[in-house]
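The primary structure of each chain is shown beneath.
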Amino acid sequence: MTESVAKKKTDAGAASGAKKRRKRNAPTPDGAPRKIVVREGGASEPAAQIAPGMTPAEATRQRHNAEQLLGGTDDKLKRLAGRTLDAKQQEAVGQIRNYMEGARSALKEGDVRRANTLAEKAHLLSEDLVRH
């Protein structure tokens with residue numbers, strides 16, 4: 001009697017849709033590869049990234065330009081150090097420093113396009129601040 005009960009349970013399990021095993025990394029039904037999500041602790045992106053469509057010569061030029069802009073902006077901030085600045089001007093100096101920090105960080109990461117953009121913003125703000 002126990003054998004027939006066990007057999008009935010086994011037969012019932014197969015008929016009721018027991019879990020099917022899938023092969024790892026098997027393509028989806030439409031043929032596309034399955035996505036694998038790696039959370040926390042997955043591989044990091046490479047540090048040096050050249051923007052799509054940017055030649056190495058262009059990247060070098062943008063890096064040099066960003067460094068020049070940062071140097072000029074730093075000089076302008078040093079000239080402002082002797083002046084008394086109102087609250088709005090002090091806020092502008094804080095924003096300039098924020099852009100400069102972002103540009104330097106982008107240079108370290110190899111993102112020369114972002115570095116150049118942030119350095120340009122910092123430079124333009126500092127020029128405006130020195131004039132007024």
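These numbers were taken from a predicted model, which means no experiment stands behind them. (Residues numbered from 1 in each chain as written. Predicted model: local features only at pLDDT ≥ 70, side-chain atom pairs only at ≥ 80, totals over all residues. Heavy atoms only, no water.)

A. Layout of helix 3 (residues 87-109). Its 23 residues give helix 3 an end-to-end C-alpha distance of 33 Å, which sits within 8% of 33 Å, the value for a rise of 1.5 Å per residue. Taken as a whole, helix 3 has its buried residues at Q89, A92, V93, I96, M100, G102, A103, A106 and L107. Among the structural elements, helix 2 (56-80) and helix 4 (112-131) are those in contact with the buried residues of helix 3. The opening residue of helix 3, the one whose side-chain oxygen lies 3.1 Å from the backbone nitrogen of K88, is D86. Two residues or fewer past helix 3, G110 is found with a positive phi of approximately 85 degrees. (Helix = DSSP H or I, 4+ residues; strand = E, 2+ residues; numbered from the N terminus. Expected span 1.5 Å × (residues − 1). Buried < 20%, exposed > 50% of the residue type's maximum accessible area, 1.4 Å probe, protein only. Contact = heavy atoms within 4.5 Å. Polar contact = N/O pair within 3.5 Å; in protein donor to acceptor, adjacent residues only side chain to side chain.)

B. Quick look at the side chain of Q89. Looking at the element boundaries, Q89 is found in helix 3. Classification of Q89 as buried rests on a relative accessible area of 16%. Contact partners of Q89, with chain neighbours within four places excluded, come to R83, T84, L129 and H132.

C. Representation of the confidence of the model for the protein in the model. Per-residue pLDDT for the protein has a mean of 79; in total, 65% of the residues score no lower than 70. Confidence over residues 46-50 falls short of pLDDT 50; this stretch has seven contacts with residues more than four positions distant or in other chains. (pLDDT = per-residue confidence, 0-100.)

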